[in-house]
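Chain by chain, the residues run as shown.
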Amino acid sequence: MTTHVTTVPAYAAPAAHAPLERTTVPRRPVGRHDVLIAIEYTGICHSDIHQARDGWGKGIYPMVPGHEIAGVVAEAGPGVTKFRVGDRVGVGCFVDSCRECDHCLRGLEQYCARGGTATYNGRDENGEPTYGGYSTHIVVDENYTLRIPDGIGLDEAAPLLCAGITLYSPLAHWQAGPGKKVAVVGLGGLGHMGVKIAHALGAEVTVLSRSLKKREEALALGADHYYATGDPETFTALAGTFDLVISTVSAPLDLGAYLGLVRTDGALVNVGAPEEPVTLNLFSLIGGRKTLAGSMIGGIAETQEMLDFCATHGLGAGIEVIAADKINEAYERVIASDVRYRFVIDASTI
Ligand SMILES: [Zn+2]
Ligand SMILES: [Zn+2]
């Protein structure tokens, strides 16, 4: 058992707007209920870029991003019961929560009343900064560690820990399934998982993307229909069609126009987060008893359910594996939407 703080290689942004560079960061001793994870792959989430560049403010530097972590248990504390050395595991967007509030007790740790502990750019219970998955190792409480089933590669599983659960949770909550019409807005890292999961759940899936450019790939991912939102005809043709519209777009949307696509009692759910506030004419909700909602990742139990579901249905993320020295380049390509669909860092190159 590791009783001392370990120093491990990592890639960090030394300051806001500074490129990421190789460095080392401390990892806490492996506690009674902790596992030490040898990281194999970490996905690059768009929110890594927002946070590394301080787009959301209050960034803690140096910052080691990464909350789509997949690896293998290298060491387990004496009180660990859920995992053994050698188990394939994952870590998502948070590594702790209060475990006492109404949300935590209901398995909704992502909405912990006390805020929980983010995997990176957060502070642990001792006030120490947390460092994420752009690193070779991480120490995490077993209760915030997920099991990655054998049926899925660790590289394609990594992005499920954020992108996968971000789409799975609202699809499950709003009961996407046979007989339901679901639209996914945007076909990036989030959207492509939404299409795969909604299709596997048995829903009729439509992709709404700016142009017709991604039509063939959307159909190959499991979409039944595809429409370009750049064509105003789309909003007329699809008026009142969908039980559920999930927007993965992080640019401001014309919410009224998208609510027009929702049928009576249906919902428009946002999982993308524009930095700017949006306005809405409430008549677009009133006429049709519609719901405008948001959703953020998922709890531990639901994340495990998602991983099991994805393994059963053979749903990994579409990935491009990169070496760690290409992270800054990858950031620029993510911003330019030039990736199909997720960059994953090979941690052996850190
Ligand atoms: Zn993320
Ligand atoms: Zn809580």
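This structure is a prediction, so every number in the text was calculated from the model and none was measured.

*Asks:* What exactly am I supposed to notice about the overall build of the chain here?
*Replies:* Within the chain, the regular secondary structure consists of 11 helices and 17 strands. For 350 residues, the compact-globule formula gives about 20 Å, and the C-alpha radius of gyration of the chain, at 20 Å, lands near that figure. When the backbone C-alpha atoms are referred to their principal axes, the chain occupies close to 65 × 40 × 35 Å. Here the chain holds 350 residues, and the buried ones make up 47% of them. Sequence-distant contacts in the chain: of pairs separated by 6 or more residues, those separated by 24 or more amount to 68%.

*Asks:* Would you mind going over the packing of helix 4 (residues 163–173) against helix 5 (residues 189–200) with me for this structure?
*Replies:* Axes are the key here: two packed helices are described by the angle between their axes and the distance separating the axes. The interhelical angle for the contact between helix 4 and helix 5, taken along N-to-C directions, is 50°, at an axis separation of 8 Å. Here helix 4 lies oblique to helix 5, going by the angle between them. Regarding helix 4 and helix 5, the two cross each other, and that crossing is right-handed. Facing Ala 163, Gly 164, Thr 166, Leu 167, Tyr 168 and Leu 171 of helix 4, the residues of helix 5 in contact are Gly 189, Leu 190, Met 193, Gly 194, Ile 197 and Ala 198. Across the contact of helix 4 with helix 5, the residue classes tally to 8 nonpolar, 4 polar and no charged.

*Asks:* Is there a simple way to think about the sheet that holds strand 12 (residues 225–228) in this case?
*Replies:* For sheets, the rule is that strands pair by backbone hydrogen bonds, running either parallel or antiparallel. Taken together, 6 strands build an open sheet; the order of strands is 12-11-10-13-14-15 and the sheet is parallel. Strands at the two margins of the open sheet, each flanked by one partner only, are strand 12 and strand 15 (291–294). Strand-to-strand twist across the sheet, computed as the mean angle between neighbouring axes with direction ignored, equals 20°. As judged from the 4 bridges shared by strand 11 (residues 204–209) and strand 12, these two strands associate in the parallel manner. Paired with Ser 209 across the bridge in strand 12 is Ala 228. Strands strand 10 (181–185), strand 11 and strand 13 (242–247) of the sheet are contacted by helix 5, whose axis makes an angle of about 165° with strand 10.

*Asks:* It is not clear to me how helix 5 should be interpreted in this structure. Could you clarify?
*Replies:* The periodicity of an α-helix, 3.6 residues per turn, causes residues three or four positions apart to be oriented the same way. Along its 12 residues, helix 5 runs 17 Å from first to last C-alpha, staying within 8% of the 16 Å computed at 1.5 Å per residue. With respect to burial, helix 5 is a largely interior element, 11 of its 12 residues being buried. Along helix 5, the residues that are buried comprise Gly 189, Leu 190, Gly 191, His 192, Met 193, Gly 194, Val 195, Lys 196, Ile 197, Ala 198 and His 199. Just beyond helix 5, the residue with positive phi is Gly 202, at close to 100°.

*Asks:* What should I look at first to understand unusual backbone geometry in this one?
*Replies:* Negative phi is the rule for most residues except glycine; trans is the rule for most peptide bonds. With an omega of -5°, the peptide bond running from Tyr 61 to Pro 62 counts as cis. With respect to the helices, strands and loops of the structure, Pro 62 is situated in the loop between helix 1 (46–52) and strand 4 (69–76). The linkage connecting Arg 340 with the following residue, Tyr 341, adopts the cis geometry, with an omega of -10°. Considering the arrangement of structural elements, one finds Tyr 341 in the loop between helix 11 (327–335) and strand 17 (342–346).

*Asks:* Sorry, what's going on with the domain arrangement of the chain here?
*Replies:* Size of an interface, as often reported, equals the accessible area lost when the parts are brought together. Segmentation of the chain into domains returns domain 1 (6–162 + 298–349) and domain 2 (164–294). Computed over C-alpha atoms only, the centres of domain 1 and domain 2 are separated by 27 Å. Residue-level contacts link 20 residues of domain 1 with 14 residues of domain 2. At 4 residues, helix 10 (residues 300–312) tops the list of elements feeding residues into the side of domain 1 that touches domain 2.

*Asks:* Please clarify how the packing of helix 4 against helix 10 should be interpreted in this entry.
*Replies:* Between helix 4 and helix 10, whose axes approach to 10 Å, the crossing angle comes to 100°. With respect to each other, helix 4 and helix 10 are oriented roughly perpendicular. Counting all contacts with helix 4, which are made through Gly 164, Ile 165, Tyr 168 and Ser 169, the residues of helix 10 involved are Glu 302, Thr 303, Met 306 and Cys 310. Residue classes in the contact of helix 4 with helix 10 are distributed as 4 nonpolar, 3 polar and 1 charged.

What counts, and where the lines are drawn
- Residues numbered from 1 in each chain as written.
- Chains lettered and ligands numbered in written order.
- Predicted model: local features only at pLDDT ≥ 70, side-chain atom pairs only at ≥ 80, totals over all residues.
- Helix = DSSP H or I, 4+ residues; strand = E, 2+ residues; numbered from the N terminus.
- Rg over C-alpha atoms; globule rule 2.2 N^0.38 Å.
- Buried ≥ 20, exposed ≤ 12 C-beta atoms within 10 Å, placed from the backbone.
- Contact = placed C-beta atoms within 7 Å.
- Axes fitted to C-alpha atoms, helices over the stretch in contact; angles between N-to-C directions.
- Parallel < 35°, antiparallel > 145°, perpendicular 65-115°, else oblique.
- Left-handed = near helix turned anticlockwise from the far one by under 90°.
- Nonpolar A, V, L, I, M, F, W, Y, C, P; charged D, E, K, R; others polar.
- Pairing = 2+ DSSP bridges.
- Expected span 1.5 Å × (residues − 1).
- Domains from an automatic or database assignment.

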